[in-house]
Protein chains: 2
Amino acid sequence: VLARQIAEPFPAVTADSDALEAARLLAEGRLPGLIVTDADGHPRTVLPGSQVLRFVIPNYVQDDPPLARAYDEATADRLFMTLAGKPVRTLLPRERDREDLPIVDANATVMEVAAVMARMHSPVVAVVDKDDALVGAITVSRLLDLFLPAR
Amino acid sequence: VLARQIAEPFPAVTADSDALEAARLLAEGRLPGLIVTDADGHPRTVLPGSQVLRFVIPNYVQDDPPLARAYDEATADRLFMTLAGKPVRTLLPRERDREDLPIVDANATVMEVAAVMARMHSPVVAVVDKDDALVGAITVSRLLDLFLPAR
């Protein structure tokens, strides 16, 4: 079984997409992450939902979560509004080497996909064809579903 | 808004549950992770799907995923069968301090929940009451859904 045979359609945004719209896609689709492509549709990375929160929540609150109790709801709403008008690229962790991205070739075996997920701690990997175009994505739950023996 | 008001029912396993059954729960529910409790039902940690793969896939393959191409399907199936009969505890990363676990008090504010998710890069947090009993869980997509401004 190859990656292209089990890849499923998956929402993608570009690095220039509006960050608030990207966050809405995550929320509405109940997705573990979004695929981020460049302007030409080539996948560049995966944006996990927790990364959106890392952008929104001030660092000193991430370091000491009980400090968040001091925020009233209006302040919290304002923090999330800072996503509007920002490009998705501002939410991404700093650039890493391609070998360390959760992207696999369409001809990768499913074991190779599993190895990449394990290595990257990633809930989803993007699948690309030989032209680096997005074929779809594979989630860890889909992969487990395929591999686990019947009851 | 407090954590108890937005926590949803979520599958939990104990540290002694069968690892193969836990992996099936992840797969069938298309879940980003499972809550792991002790024998008394007190949440102890979250088991992300990728951690199951880290247990199954040999370390040298995680370090160099293309090596996975050498596995045929029968060998891959055998790797996943090693989950059967193992307790979930063998899949967990080594014990960490409670402050570094994705568990929040039922009276935590939603901002505090967001801060814990951001800090832990976790797609889900367990919510516990004052007796340390499981109230439910909050996923990052649910939290975003609540916080994002209307279109």
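Residues numbered from 1 in each chain as written. Chains lettered and ligands numbered in written order. Predicted model: local features only at pLDDT ≥ 70, side-chain atom pairs only at ≥ 80, totals over all residues. Heavy atoms only, no water.

Student: Would you mind going over the interface of chain A and chain B with me for this structure?
Tutor: How big an interface is tends to be expressed through the accessible area that disappears when the partners come together. The partner chain B presents 57 residues to the 57 residues of chain A that form the contact. Buried area between chain A and chain B, summed over both chains or domains, comes out near 4,900 Å², and the portion from carbon and sulfur atoms is 64%. The three residues of chain A that bury the most area against chain B are Arg 30, Met 111 and Arg 151 of chain A, which together make up 13% of that side's buried surface. On inspection of chain A and its partner chain B, the count reaches four salt bridges. (Contact = heavy atoms within 4.5 Å. Buried area = accessible area lost by both parts, 1.4 Å probe. Salt bridge = Lys/Arg side-chain N within 4 Å of Asp/Glu carboxyl O.)

Student: What's the story with the pattern of salt bridges in this structure? I'm lost.
Tutor: Pairing between side chains becomes possible if they bear opposite charge and their charged atoms approach one another. A full pass over the atoms with the stated rule returns 14 salt bridges over all chains. The shortest N-O distance in the salt bridge between Glu 8 of chain B and Arg 30 of chain A comes to 3.6 Å. Remark: Arg 30 of chain A occurs in the loop between helix H2 (19-28) and strand E2 (33-37) and Glu 8 of chain B occurs in the loop between helix H1 (3-6) and strand E1 (12-14); the pair is interchain, linking two chains. Judged by relative accessible area, Arg 30 of chain A falls into the partly exposed class, the value being 40%. One network of salt bridges, in which partners are shared, links Glu 8 and Arg 142 of chain A together with Arg 30 of chain B. (Helix = DSSP H or I, 4+ residues; strand = E, 2+ residues; numbered from the N terminus. Buried < 20%, exposed > 50% of the residue type's maximum accessible area, 1.4 Å probe, protein only.)

Student: Looking at this model, I keep getting lost on the packing of H2 of chain A against helix H7 (residues 140-147) of chain B. Mind explaining?
Tutor: Between two packed helices, what matters for the description is the angle formed by their axes and the separation of those axes. Relative orientation of the contacting elements H2 of chain A and H7 of chain B amounts to 125°, with a least axis distance of 8 Å. With respect to each other, H2 of chain A and H7 of chain B are oriented oblique. With respect to the hand of their crossing, H2 of chain A and H7 of chain B are arranged in left-handed fashion. Side by side, H2 of chain A and H7 of chain B meet where Ala 23, Leu 26 and Ala 27 of chain A of the first sit next to Ser 141, Leu 144 and Asp 145 of chain B of the second. Taken together, the residues of the contact of H2 of chain A with H7 of chain B break down into four nonpolar, one polar and one charged. (Axes fitted to C-alpha atoms, helices over the stretch in contact; angles between N-to-C directions. Parallel < 35°, antiparallel > 145°, perpendicular 65-115°, else oblique. Left-handed = near helix turned anticlockwise from the far one by under 90°. Nonpolar A, V, L, I, M, F, W, Y, C, P; charged D, E, K, R; others polar.)

Student: It is not clear to me how the pairing of strand E6 (residues 134-139) of chain B should be interpreted in this structure. Could you clarify?
Tutor: Residues and elements named next belong to chain B. Sheet analysis places strand E5 (residues 124-128) next to E6, joined by five bridges and oriented antiparallel. Note on E6: the bridge partner recorded for Ala 126 is Ala 137. A loop of five residues connects E5 with E6, the two strands running antiparallel in sequence, and Asp 132 in this loop sits at a positive phi of about 70°. (Pairing = 2+ DSSP bridges.)

Student: I would appreciate a short explanation of the sheet that holds E5 of chain B in the present structure.
Tutor: Each strand in a sheet pairs with its neighbour through backbone hydrogen bonds, running either in the same direction (parallel) or in the opposite one (antiparallel). Residues and elements named next belong to chain B. Reading across the sheet, the three strands line up as E4-E5-E6 and stay open at both edges, with mixed pairing between neighbours. Of all strands in the sheet, those with a lone pairing partner are strand E4 (103-105) and E6, marking the two edges. Across the sheet, the axes of successive neighbouring strands diverge by a mean angle of 30°, strand direction being ignored.

Student: I'm lost on the sheet that holds E1 of chain B in this one. Help?
Tutor: All names here are of chain B. In space, the three strands of this open sheet follow the order E1-E2-E3, with mixed pairing throughout. With one partner strand each, in any of the chains shown, E1 and strand E3 (43-48) form the two edges of the open sheet. Ignoring which end each strand starts from, the neighbouring axes of this sheet average 35° apart. Strand direction decides the pairing type here: strand E2 (residues 33-37) and E3, joined by five bridges, are antiparallel. Residue pairing for E3: Thr 37 is matched across the bridge by Pro 43. Packing against the sheet, helix H2 (residues 19-28) makes contact with E1, E2 and E3, and its axis sits at approximately 140° to E2. On top of the sheet, helix H3 (residues 49-56) reaches E2 and E3; it is set at about 75° to E3, its chief contact.

Student: Sorry, what's going on with the environment of Pro 102 of chain B here?
Tutor: Residue and element names in this part refer to chain B. In this structure, Pro 102 sits in the loop between helix H5 (73-81) and E4. On the accessibility criterion, Pro 102 (4% relative accessible area) is buried. As for Pro 102 and Leu 26, which are separated by 76 residues in sequence, their C-alpha atoms are 17 Å apart.

Student: Any chance you could explain the relation of the copies chain A and chain B here in plain terms?
Tutor: For the pair of chain copies, the relating operation is a rotation around an axis with a shift along it. Screw-axis analysis of chain A against chain B gives a translation of 0.0 Å along the axis, an RMSD of 0.0 Å, and a rotation angle of 180°. With respect to symmetry, the two chain copies, as superposed, fit the operation of a two-fold axis. When each C-alpha of chain A is compared by its distance to the rotation axis, Pro 32 of chain A comes out closest, at 3.3 Å. When the interface residues of chain A are mapped onto chain B, 100% of them again lie at the interface, so the same face is used by both copies. (Least-squares fit on C-alpha atoms with pLDDT ≥ 70 in both.)

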